[in-house]
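One letter stands for each residue in the lines below.
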Amino acid sequence: MTLRLDGAKLDRAAALLREGRLVAFPTETVYGLGADARNARAVAAIYAAKGRPSFNPLISHFASAGAAFTEVLADDRARTVAAHFWPGPLTLVLPRAPTARIDLLTAAGLDTLAVRVPAHPLAHALLERAGVPVAAPSANPSGAVSPTSADHVLEGLGGRIDAVLDGGTCVVGVESTVLDLSGPVPLLLRPGGVPEEALAALIGPIGRAHPAADGPGVKAPGMLSSHYAPSLPVRLEAAALFPGEALLAFGRPLPDAALYFQLSERGDTREAASRLFAGLRWLDAEGRRLKLSRIAAQPIPADGLGVAIRDRLARAAAPRPQAEPSSPAKNEAS
Ligand code: TXA
Ligand code: MG
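Since the model is a prediction, treat every value here as computed from it, not as a measurement.

**Student:** Explain the packing of helix 4 (residues 76–85) against helix 7 (residues 196–203) to me, please; I cannot follow it from the model alone.
**Tutor:** Across the interface, helix 4 lies against helix 7 with an axial gap of 10 Å and an inter-helix angle of 130°. The orientation of helix 4 relative to helix 7 falls into the category oblique. Classified by chirality, the crossing of helix 7 by helix 4 is right-handed. Only A198, L199, L202 and I203 of helix 7 make contact with helix 4, whose side of the interface consists of R77, T80, V81, H84 and F85. Residue composition of the contact of helix 4 with helix 7, grouped by class: six nonpolar, two polar and one charged.

This is the structure we're talking about:
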C-alpha cells in the first residue's frame, strides 16, 4: 500500500524518510523518489523499486546550498552558479568531500556526488523537516516517462513505495540541468530546467560529455540512449502525419490528426516543457485505446528549454533494447 499524503502531512512524510522508507515528493521539475541518502538499505530500495541499474548514480537533495556544500568540494564556479540558480532546477556534480555522509551506493561508487537544492516549497519544507540529505531519482520505473503529478507516480510505482506527498503538478516539467564541475572544464551532462546559455554567461564555455557506449563506466550514466519511453514508438520532426499516428503538437498543429495533444499553441518552450510528460502519457494511453501505432512530434526549436525537450523526445524515439521478461530493468536508464 502506498499512502497519498497532502501538504498537511509533511511531518509524517519527513518521519518516514528518517525511518529509511521511500517517499515520493514534488519538486519544480518532476516528482522524485526520496530516501535517506546516508542509509544504504533505503537507497538500495530506490534502485529496486525503480528497476534501476545500480551503476546509475542518484542526486542528493538539500534544503540549502550550505547543507549541500558540506558533502562536496565546491569551488568558485560552483558557488557562483549555486548563488544564481539555487533553489532551482540545477544539479551540480562535484568531488565528494572526505567527510561526506552520503552512502557510496547513492553515487554508484563514484568519487563525485550530484547535489541539488530544489525550489518547490513542499520539497523545501520536507527536506528541512527530514534534516537528512535525500537521494531522489525521478519517481518512475527505470526507462519510463518521468512523473509530473502524484497520479503519475502512483501509476508507475504504486504499491512499491511507502508514500507520495501530493503537491499538484510540477511547473518546470523537465528534469534539472546536470552540470559537472568536478574537472577543469565544465561539462553539460544533461540539458534541463536551467538553459545552458544562462550557465555559460556566468562561468564561460561548457563542454559536452560524449558517452562512448552504454553501460558501467560512462561519464554520465543518465545519458544512455532509450529513456522517457512511452509504449508507442515516437517519430521526431514530423512535417506531415502518416495514417495511424497521434500528434504531439507545437505551434500550429498539423492537419488531419486522429488524436493530438498541444504542447504550446503560442510556441513557448517553457509552456511546452511543463506539459511534455503529461502529453506523452496521455497520447500513449489514448493512442493505444484507439489502436494508433505511433506518436509523431512536431519540431521544437533548439533554444531555451527547447534543448531539454528535444533531448527527452530524442530518447523517447531512440531504438529500444529488447526487454527480457525476467529482467525488471527494461531500459538502461533512470
Ligand atoms: O530534476 C531532477 O533532477 C529530478 C528531481 C527529482 O530532482 N531528479 C532526476 O534524477 O532527474 P534522475 O536520477 O532521474 O537523474 C539523475 C541524473 C542521471 O542522469 C544520473 O546519471 C546523473 O544525474 N548523475 C547523478 N550523480 C552523478 C554523478 N556523480 N556523476 C555523473 N552523473 C550523475
Ligand atoms: Mg529519471
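On we go from here.
**Student:** When you look at the nonpolar core in this model, what are you seeing that I'm missing?
**Tutor:** A general tendency of soluble globular proteins is for nonpolar side chains to be buried together. Ranked by size, the top nonpolar core spans 46 residues in total, and within it L33, F69, W86, L90 and L92 carry the most contacts. Elements represented by at least two residues in this core include exactly strand 3 (32–36), helix 2 (40–50), helix 4, strand 5 (90–95), strand 6 (112–116), helix 6 (150–157) and helix 7. The dominant element in this core, judged by the number of residues it contributes, is helix 2, at five residues. Aside from chain neighbours lying at most four places away, what touches L90 is V81, F85, V115, R116, S176, T177, L179, V194 and L199. With 28 residues, the next largest nonpolar core counts V234, L259, I300 and I309 among its residues.

**Student:** Explanation requested: the sheet that holds strand 7 (residues 134–135) in the structure shown.
**Tutor:** In a beta sheet, neighbouring strands pair by backbone hydrogen bonds and run either parallel or antiparallel. One open sheet holds the 11 strands; their spatial order is 1-8-2-3-7-4-6-5-9-10-11, and the pairing between them is mixed. Both edges of this open sheet fall to strand 1 (3–5) and strand 11 (207–208), since each of them pairs with a single strand only. Of the strand pairs in this sheet, strand 1 and strand 8 (residues 163–165) are connected by three bridges, and their pairing is parallel. Paired with L3 across the strands is A163, a residue of strand 8.

**Student:** Honestly, the site of ligand 1 in this entry has me stumped. Any pointers?
**Tutor:** Taken together, 26 residues lie near ligand 1, and T29, N56, H61, S176 and R190 sit nearest. At a separation of 2.9 Å, an oxygen atom of ligand 1 approaches a polar side-chain atom of R52. Relative to its unbound accessible area of 690 Å², ligand 1 is 98% covered by the protein chains. Elements represented by at least two residues in the shell around ligand 1 include exactly strand 4 (59–61), strand 6 and strand 10 (187–190). Among the elements that make up the shell around ligand 1, the one with the highest residue count is strand 6 (three residues). A class-by-class count of the residues in the shell around ligand 1 yields 12 nonpolar, nine polar and five charged.

**Student:** How should I be thinking about helix 8 (residues 269–289) in this particular structure?
**Tutor:** The α-helix advances 3.6 residues per turn, and as a result positions three or four apart in sequence lie on the same side. Here helix 8 contains 21 residues, and its C-alpha end-to-end distance of 29 Å stays within 8% of the 30 Å for a straight helix at 1.5 Å per residue. Roughly 45° is the biggest bend found in helix 8, and it falls at L276. Listing the buried residues of helix 8 in full gives T269, A272, A273, L276, F277, G279, L280, R281, L283, D284, E286 and G287. Lining the buried residues of helix 8 we find helix 6, strand 13 (245–249), strand 14 (260–262), strand 15 (294–297) and helix 9 (306–317). With a side-chain oxygen lying 2.9 Å from the backbone nitrogen of R270, the N-terminal cap of helix 8 falls on D268. Positive backbone phi, at 60°, marks K291, one or two positions downstream of helix 8.

**Student:** What should I look at first to understand the pattern of salt bridges in this one?
**Tutor:** Oppositely charged side chains can form a pair if their charged atoms are brought close together. Considering all chains together, one arrives at 21 salt bridges under this definition. For the salt bridge of R312 with E175, the shortest nitrogen-to-oxygen distance reads 2.9 Å. Of this pair, R312 sits in helix 9 while E175 sits in the loop between strand 8 and strand 9 (177–180); the two residues are 137 residues apart in sequence, bridging distant segments of the chain. Look at E175 and you get buried, because its relative accessible area is 4%. Its salt-bridge partner being E237, residue R310 comes within 3.4 Å of it at the nearest N-O pair. With R310 in helix 9 and E237 in the loop between strand 12 (234–235) and strand 13, this residue pair connects regions lying 73 residues apart in the sequence.

Calculation notes
Residues numbered from 1 in each chain as written. Chains lettered and ligands numbered in written order. Predicted model: local features only at pLDDT ≥ 70, side-chain atom pairs only at ≥ 80, totals over all residues. Heavy atoms only, no water. Axes fitted to C-alpha atoms, helices over the stretch in contact; angles between N-to-C directions. Helix = DSSP H or I, 4+ residues; strand = E, 2+ residues; numbered from the N terminus. Parallel < 35°, antiparallel > 145°, perpendicular 65-115°, else oblique. Left-handed = near helix turned anticlockwise from the far one by under 90°. Contact = heavy atoms within 4.5 Å. Nonpolar A, V, L, I, M, F, W, Y, C, P; charged D, E, K, R; others polar. Core = buried A, V, L, I, M, F, W, Y, C linked by side-chain atoms within 4.5 Å. Buried < 20%, exposed > 50% of the residue type's maximum accessible area, 1.4 Å probe, protein only. Pairing = 2+ DSSP bridges. Near = heavy atom within 4 Å. Polar contact = N/O pair within 3.5 Å; in protein donor to acceptor, adjacent residues only side chain to side chain. Areas by Shrake-Rupley, 256 points an atom, 1.4 Å probe, with all protein chains shown as cover. Expected span 1.5 Å × (residues − 1). Bend = angle between axes of the 7 residues up to and from the residue. Salt bridge = Lys/Arg side-chain N within 4 Å of Asp/Glu carboxyl O.

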